[in-house]
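Observations on chain architecture
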Amino acid sequence: MLTERRLRAILTPLNDLSRRLSDTLQAPYRDVFMDLAQDLNPAQKKAVEHVDGPLLILAGAGSGKTRVLTYRIYHLIHRIGLDPYQILAVTFTNKAAREMKERLERLLGPNRTPEWVGTFHALSTRLLRREADHLGFRRDFVIYDSDDQLSLVKKVMKELNISDQRFAPEAVRSHISSAKDQLVLPEAYAGRGNNFFEQHVARIYTAYQEALIRNNAMDFDDLIMRMALGFSETPSVLQRYQERFQYILVDEYQDTNHAQYRWVNQLASRYRNLCVVGDDDQSIYAWRGADIRNILDFEKDYPEADVVRLEQNYRSTRSILAVGNAIIKNNRGRKGKELWTENSDGDKIVLMETIDERDEARAIARKIRAEQASGGRPLRDFTILYRTNAQSRALEDEFRRTVMPYVIVGGLRFYERKEVKDILAYLKIVANPRDSISFRRMVNTPPRGLGDVSVDRIENFALAQEIDLIEALLRASESGVTPAAARTAIGLGQLLAGLHERLDMATSAEIARRLVEETRYLHDLEMEAARSEEAESRAQNIKELLAAIEEHAEHAPEAGLLGFLEEAALIADVDRWDERADRVTLMTLHNAKGLEFPVVFIAGMEDGLFPIARAMESQTALEEERRLFYVGITRAQHKLFLSHANLRRRFGGAMAGLRSRFADEIPGEYLDQESTVRRTSGWGADTRLARRHEDADESPDPPSPHGRFAAGQRVKHPIWGVGRILQVAGSGDDVRATIQFGNVTKKVMVRYAALEKLPS
DNA sequence: CTCTCGCCTGTTTTT
DNA sequence: CAGGCGAGAG
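Residue positions are given per chain, counting from 1 as you read along its sequence in written order. Following the order in which they are written, the chains are lettered starting with A and the ligands numbered starting with 1. Given that this is a predicted model, residues contribute local features only at a pLDDT of at least 70 and side-chain atom pairs are listed and counted only at 80 or more, while totals for whole chains, interfaces and linings are drawn from all residues. Excluded from the side-chain calculations are hydrogens and water; all other atoms, namely the structure's heavy atoms, are used.

**Focus: the overall build of chain A**
Helix and strand assignments follow DSSP, with helices taken as H or I runs no shorter than four residues and strands as E runs no shorter than two, numbered in order from the N terminus. In terms of regular secondary structure, chain A is built from 31 helices and 21 strands. For chain A, buried positions account for 55% of its 760 residues. For chain A, the share of sequence-separated contacts (at least 6 apart) that also reach a separation of at least 24 residues comes to 73%. Surface exposure of chain A reaches about 33600 Å², of which carbon and sulfur atoms provide 48%. Exposure categories follow from relative accessible area, calculated using a 1.4 Å probe and restricted to protein chains: below 20% of the type maximum is buried, above 50% is exposed, and the middle band is partly exposed. Contacts: residue pairs with any heavy atoms within 4.5 Å of one another. Only the protein chains shown count as covering a residue, and every accessible area follows the Shrake-Rupley method with a 1.4 Å probe.

Dropping the structure here:
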């Protein structure tokens with residue numbers, strides 16, 4: 001009998017072959033190969049061949065969603081005969097957009113591939129620039145990232161005399177951000193019954209928005225909000241795009257926020273050919289304003305909608321999928337579906353107990369080596385996922401120590417590094433001399449004698465004279481700064497003005513090179529590089545940035561400097577990730593969304609870390625964490641490892657590692673438990689797994705440590721080695737011992753520290 | 001006025 | 001353990 005798996009084993013190489021052939025074949029033959037390669041199940045076929053009217057595709061993890069979307073577009077253009085011009089496709093990441101475009105180009109050829117495929121932010125930026133005249137703002141705005149947003153919030157708060165001690169600027173920033181996600185403008189925000197904090201936010205929001213306009217800048221949220229509002233306020237613009245984009249596709253619809261919802265639904269309201277794809281079980285961005293109701297209520301918004309459910313999973317082994325299903329079942333408020341697969345059972349999921357985060361890293365590295373040896377897998381098959389970026393450090397240390405090639409996706413993004421942002425600030429001010437945030441950043445970097453006071457004066461002068469900031473630098477002697485400062489300012493102004501004038505003639509690469517040279521930024525760093533490793537890597541980053549600009553200038557010369565800056569602002573780290581390099585990949589669970597990997601490790605399976613402490617207080621937050629776990633599990637194709645540590649160092653101190661409640665939701669039949677912890681002697685060793693949760697009665701509470709550990713006792717700690725207890729304090733779960741290790745004293749939570757008793 | 005040094009604080013996830 | 005911020009010296 002031909003099993004699905006065998007069939008797939010035959011079809012997969014055929015798929016590749018047909019892809020290569022389709023580039024060279026004439027259309028009718030291409031079709032023949034397409035049909036062979038398609039290998040679509042009935043639900044997928046239905047979704048692909050649906051043409052007119054709204055369509056909701058509920059696509060479970062690994063159900064061939066990308067393929068369905070791609071073939072659907074192919075079908076619309078190639079079989080139905082639509083003009084690619086009429087199609088708009090919105091994806092969640094640039095990477096997804098690029099992949100879709102590449103696949104379509106292979107199927108349809110570059111000339112017949114739709115051009116409007118991208119993320120909400122990228123597409124919106126494009127629309128805003130095109131329609132700037134009609135919408136009433138300038139075309140050459142720059143984009144502020146959350147860093148810039150925060151700087152601007154601080155600046156505005158200072159101007160309004162609102163102390164940043166009373167109101168955390170970061171909290172203000174995030175409130176403004178979510179107001180924008182809801183399409184709530186400052187006036188409306190001020191009008192609704194607010195608490196004390198929000199009344200202040202309202203004032204800041206108003207001034208913040210004015211400052212953005214003054215700076216000729218838009219923040220991330222503006223990009224969506226201004227276009228969504230632009231559509232409703234400017235019917236002529238809306239109509240034009242409604243007529244143009246008669247067929248709209250939206251990926252990851254469960255992660256859209258209200259502003260994005262309005263953005264899409266206004267465009268689609270004319271022809272109602274809106275196809276949305278999503279999975280309510282994979283909604284993990286509620287904290288960013290994503291509204292799961294958008295997908296849950298799609299059938300209310302479009303009563304005539306067809307609904308297709310893709311429930312067959314092609315990605316994971318049966319065991320992995322069973323675990324995923326068992327986990328997500330614990331959530332309420334879901335549409336409800338159960339994925340199934342014809343794949344083989346595969347191995348059980350492995351849960352590893354480890355001593356601390358270093359031991360965890362060691363255990364993971366060991367597993368990778370073992371898998372490599374037994375399964376002959378390349379390093380690129382392995383991916384480690386974690387909840388917080390900070391967790392990458394221990395892993396990184398271990399991999400560096402044992403020389404295992406790795407790559408971290410996310411964390412400090414390339415374009416967010418200090419030195420890179422410094423150079424970008426120069427470029428931004430050249431592109432847009434009204435950008436006061438970038439101005440402040442670059443004007444005294446590297447230090448050139450223009451401190452806060454002088455910069456304030458120059459800025460105020462610009463404001464009073466209604467001139468831009470480069471102009472203000474040139475006329476600094478009129479601004480009231482000291483003669484020395486004025487001289488420096490004028491010199492800087494001349495450099496910037498010269499580059500600004502050449503904006504249309506010079507390439508962005510030329511401008512960047514000149515800036516780096518004249519400011520001696522790279523030069524200074526290279527001088528320092530001999531002494532400091534950090535300076536060396538920063539110099540390296542600047543060179544990498546120059547190379548990126550160079551590449552961009554060559555690849556998309558028409559985009560210019562603004563185009564490059566836009567890309568730098570909107571590109572995510574996953575977008576830069578090269579999955580072909582033979583390295584272990586490390587990333588957060590959030591970043592892993594939409595990706596798949598042969599072998600997945602999920603590290604840090606501890607309460608308080610995953611689920612994160614703050615999510616343990618509310619049911620909805622906990623359910624979002626669980627969905628995140630579900631996303632992590634369903635990334636794995638062949639093997640899945642989970643690990644937790646009994647002790648985890650976090651900001652200086654150590655934290656008790658209590659195995660995650662999610663781990664307890666995994667049915668035992670799919671689970672293999674391993675431990676690197678030797679159970680020798682001492683209280684800590686045999687009660688380590690005691691639980692604090694509902695099921696605590698399965699493993700009774702440990703005896704009070706007072707009887708076992710007392711001052712003077714010699715102990716061995718898994719991390720700090722041998723020491724002597726100075727003091728024992730606290731009771732119940734919260735017993736802390738002060739222990740002297742050599743000449744350092746540490747406080748440890750006795751219950752979880754895996755202390756070993758030593759004879760005195 | 002500007003710069004540098006050292007203290008303090010605070011870590012969820014990101015387009 | 002880093003980066004932001006305030007205080008004192010040049």
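**Quick look at the sheet that holds strand 1 (residues 55-59)**
Strand pairing in a sheet relies on backbone hydrogen bonds, with the paired strands running either antiparallel or parallel. Here, any two strands with at least 2 DSSP bridges between them count as paired. One open sheet accounts for six strands, arranged 3-2-6-7-1-8; its pairing is parallel. One side of each edge strand has no neighbouring strand; the edge strands of this open sheet are strand 3 (117-119) and strand 8 (306-310). Averaged over all pairs of adjacent strands, the angle between strand axes in this sheet comes to 15 degrees, irrespective of strand direction. Strand direction decides the pairing type here: strand 2 (residues 87-91) and strand 6 (residues 247-250), joined by four bridges, are parallel. Paired with V90 across the strands is V250, a residue of strand 6. Orientation is described by axes fitted as lines to C-alpha atoms, over the contacting stretch for helices, and by angles from 0 to 180 degrees between their N-to-C directions. Of the strands in this sheet, strand 1 and strand 8 touch helix 3 (residues 42-49), which is tilted by about 140 degrees from strand 8.

**Thoughts on unusual backbone geometry**
In the segment running from T445 into P446, the intervening peptide bond is cis, with an omega of -5 degrees. Relative to the assigned elements, P446 resides in the loop between helix 20 (436-443) and helix 21 (452-465). Omega for the bond connecting F610 with P611 falls within 30 degrees of zero, at 5 degrees, which places this linkage in the cis form. Within the secondary structure, P611 is located in the loop between strand 13 (597-602) and helix 30 (619-633). Backbone geometry places E466, a non-glycine residue, at a positive phi of 55 degrees. Tracing the chain through its elements places E466 in the loop between helix 21 and helix 22 (469-474). Positive phi is not limited to glycine here, since R520 has a value of about 60 degrees. On the secondary structure map, R520 appears in the loop between helix 24 (508-518) and helix 25 (521-529). We classify R520 as partly exposed; its relative accessible area is 43%.

**Remarks on the pattern of salt bridges**
Salt bridge, as applied in this entry: a Lys or Arg side-chain nitrogen positioned within 4 Å of an Asp or Glu carboxyl oxygen. By the definition in use, this model includes 55 salt bridges. In this structure, D219 engages K180 in a salt bridge whose closest nitrogen and oxygen atoms are separated by 2.7 Å. Placement of D219 in strand 5 (residues 217-219) and of K180 in helix 8 (residues 169-181) is noted, with a sequence separation of 39 residues between them. Judged by its relative accessible area of 0%, D219 falls in the buried class. Between K337 and D281 there is a salt bridge whose closest N-O contact spans 2.9 Å. With K337 in the loop between helix 16 (318-328) and strand 9 (349-356) and D281 in the loop between strand 7 (274-278) and helix 14 (293-296), the pair connects residues that are 56 residues apart, well separated along the chain. Looking at K337, the relative accessible area reads 12%, which means it is buried.

**Some remarks on the packing of helix 11 (residues 220-233) against helix 12 (residues 235-244)**
Packing of helix 11 against helix 12 leaves a shortest axis separation of 5 Å and a crossing angle of 100 degrees. The angle between the axes of helix 11 and helix 12 places the two elements in the roughly perpendicular class. Residue-level contacts link M227, F231 and E233 of helix 11 to P235, V237, L238 and Y241 of helix 12. Three classes are used: nonpolar for Ala, Val, Leu, Ile, Met, Phe, Trp, Tyr, Cys and Pro, charged for Asp, Glu, Lys and Arg, and polar for all others, with Gly counted as polar. Its residues assigned to classes, the contact of helix 11 with helix 12 comprises six nonpolar, no polar and one charged. For classification, angles of less than 35 degrees are called roughly parallel, those exceeding 145 degrees roughly antiparallel, those between 65 and 115 degrees roughly perpendicular, and all remaining angles oblique.

**What to know about the side chain of T585**
Inspection of the secondary structure puts T585 in strand 12 (residues 584-588). The contact partners of T585, leaving out residues within four places of it in the chain, are F382, T383, I384, V407, V409 and W577.

**Examining the environment of V516**
Relative to the helices and strands, V516 is located in helix 24. When its relative accessible area of 6% is taken as the criterion, V516 is described as buried. Counting along the chain gives 27 residues from V516 to K543, while the straight-line C-alpha distance between them is 9.7 Å. If we ignore the near neighbours within four places in the chain, the residues touching V516 are I423, Y521, L522, I542 and L546.

**Structural notes on helix 23 (residues 483-501)**
Expected helix span is computed as 1.5 Å times (number of residues minus one). Its 19 residues place the ends of helix 23 26 Å apart at the C-alpha level, agreeing with the 27 Å of an ideal helix rising 1.5 Å per residue. For helix 23, the full list of buried residues reads A485, A486, A489, L492, G493, L495, L496, A497 and L499. Here the buried face of helix 23 lies against helix 19 (418-431), helix 20, helix 21, helix 22 and helix 24.

**Details of the nonpolar core**
The biggest cluster of nonpolar side chains holds 125 residues, and the ones touching the most others in it are W263, Y415, L427 and L496. Aside from chain neighbours lying at most four places away, what touches L496 is Y426, I429, V430, M442, I470, L473 and L515. Nonpolar core, defined: a set of buried Ala, Val, Leu, Ile, Met, Phe, Trp, Tyr and Cys residues in which side-chain atoms within 4.5 Å join the residues together. A290, V574, F629 and F662 belong to the second largest nonpolar core, which has 33 residues in total.

**What about the pairing of strand 6?**
Covered by surrounding structure in strand 6 are Y247 and L249 together with I248 and V250, the residues of both alternating faces. Examined bridge by bridge, strand 6 and strand 7 share three bridges and lie parallel to one another. If you follow L249 over to strand 7, its bridge partner there is C275. Where the polypeptide runs from strand 6 across helix 13 (residues 258-268) and back to strand 7, its parallel neighbour, the crossover connection is right-handed. When the strands point away from the viewer and the path from the first strand over the helix to the second turns clockwise, the crossover is right-handed.

**Section: the confidence of the model for chain A**
The share of residues in chain A with pLDDT of 70 or more is 84%, and the mean pLDDT across the chain is 83. Mean pLDDT values over the elements of chain A span from 37, in helix 31 (residues 683-687), up to 96, in strand 6. Each residue carries a pLDDT score, the predictor's own confidence in it, on a scale running from 0 to 100. For the stretch residues 1-8, pLDDT sits under 50, and the model shows 10 contacts to residues farther than four places along the chain or on other chains.

**Re the environment of E105**
As for its placement among the helices and strands, E105 is situated in helix 5 (residues 94-108). The class of E105 is partly exposed, set by a relative accessible area of 38%. On a C-alpha basis, the gap between E105 and A553 in space is 23 Å, while along the polypeptide they are 448 residues apart. Look past the residues within four positions of E105 in its chain and what remains in contact with it is P110 and T113.

**Section: the environment of I602**
In this fold, I602 is placed in strand 13. Apart from residues lying up to four places away in sequence, I602 is in contact with L385, L589, F610, F629, G632, I633, L640, F641, L642 and S643.

**Considerations on the packing of aromatic side chains**
Centres within 6.5 Å make a pair out of two Phe, Tyr or Trp rings, where for Trp the six-membered ring is used; the pair is then stacked when the planes are under 30 degrees apart, edge-to-face when over 60, and tilted otherwise. Within this structure, the stated rule accounts for 18 aromatic pairs. For the pair Y241 and F245, a centre-to-centre distance of 5.9 Å together with 20 degrees between the ring planes defines the contact as stacked. Between F610 and F629 the ring centres are 5.7 Å apart and the planes differ by 90 degrees, which places this aromatic pair in the edge-to-face class. Highlighted residues: F610 in the loop between strand 13 and helix 30 and F629 in helix 30, separated in sequence by 19 residues. F610 sits in the buried class, given a relative accessible area of 0%. Each member of the aromatic cluster is reached from another via a ring pair, and the members are F92, Y285 and W287. Note on criteria: charge over ring means Lys NZ or Arg CZ within 6 Å of the ring centre, with the direction from the centre no more than 35 degrees off the ring normal. In this structure, R129 packs its charged tip against the face of F141, placed 4.2 Å from the ring centre. A cation sits over an aromatic face here: K593 above F92, 5.1 Å from the ring centre.

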